[in-house]
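Fold and geometry: a report
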Amino acid sequence: GVVWREAPPPRALPSGVALERAAHRADFLRLDLLLRHGGIYFDTDVVVFARIVNHIGSLLAEHDVVVGEQPSELSVYGEGFSETSGVCNAVLMAAPSSPFIQRFLEESIRHFTPGCWDCHSIKTLTRVVAAHRAGGGGSESLRVLSKRAFFPLSWSRRHVFRIFRGDGGGPAGW
């Protein structure tokens, strides 16, 4: 699309630290684009069901920023590969020029650690949300959706199969 041609992903941070992984480049590109244009960002591995799509308009009408919690798959689902829970950047919705997104971008740049997969994408975002909730967010409205809003299933084999079942265990039953 047009946005990708206009905004190639960054190869390095302003400090000169290289962004070697494509996922890290995407992390910083999404924040830059959301800051400049606002909008809705979904990771490519996010499966969107009608349940949340039907509420996006009202969420954005009521809140300047919408994010979602990520469960620890081991603690919530009893299986999986990630023990990190917190607010994640797999789904971000924001108004243009959002001070919250600006803070998240600045903190991500400040605390970026190349070898740490989820340091800025989950841990930094979780800290920025906590600071916002503690009164550092000004008048900007932030909505943090529960773990089940964006992550009703894990990527475990058992849950992936549930997506395609017709017995109420998949999207048709939600």
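As a reminder, the structure under discussion sits directly above these lines.
Residues numbered from 1 in each chain as written. Predicted model: local features only at pLDDT ≥ 70, side-chain atom pairs only at ≥ 80, totals over all residues. Heavy atoms only, no water.

1. Focus: the layout of surface pockets
- Looking at the second largest pocket, its volume works out to about 160 Å³.
- Contributing to the lining of the second largest pocket are Pro8, Pro9, Pro10, Ala12, Leu13, Pro14, Phe28, Leu29, Asp32, Leu105 and Ile109.
- Those elements that provide at least two residues to the lining of the second largest pocket are α2 (22-37) and α6 (99-111).
- Of all the elements, α2 adds the most residues to the lining of the second largest pocket, at 3 residues.
- Grouping the amino acids of the lining of the second largest pocket by side-chain chemistry returns 10 nonpolar, no polar and 1 charged. (1 Å grid on protein atoms, 1.4 Å probe; cavity = no way out; pocket = protein on both sides within 12 Å on 5 of 7 lines; lining within 4 Å. Points joined across faces, edges and corners; volume = space filled by probe spheres on them. Helix = DSSP H or I, 4+ residues; strand = E, 2+ residues; numbered from the N terminus. Nonpolar A, V, L, I, M, F, W, Y, C, P; charged D, E, K, R; others polar.)

2. Some remarks on the sheet that holds strand β3 (residues 86-94)
- Strands sit in the order β1-β3-β2-β4 across an open sheet of 4 strands; the sheet is mixed. At either end of the open sheet lies a strand with only one pairing partner, and these are β1 (39-42) and β4 (142-145). Each strand of the sheet is rotated relative to its neighbour by a mean of 30 degrees, with strand direction disregarded.
- Direction of pairing for strand β2 (residues 65-70) relative to β3: antiparallel, over a ladder of 6 bridges. Pairing of valine 67 across the sheet is with leucine 92, part of β3.
- Sitting on the sheet, α2 is in contact with β1 and β3, with an inclination near 40 degrees to β3. (Pairing = 2+ DSSP bridges. Axes fitted to C-alpha atoms, helices over the stretch in contact; angles between N-to-C directions. Contact = heavy atoms within 4.5 Å.)

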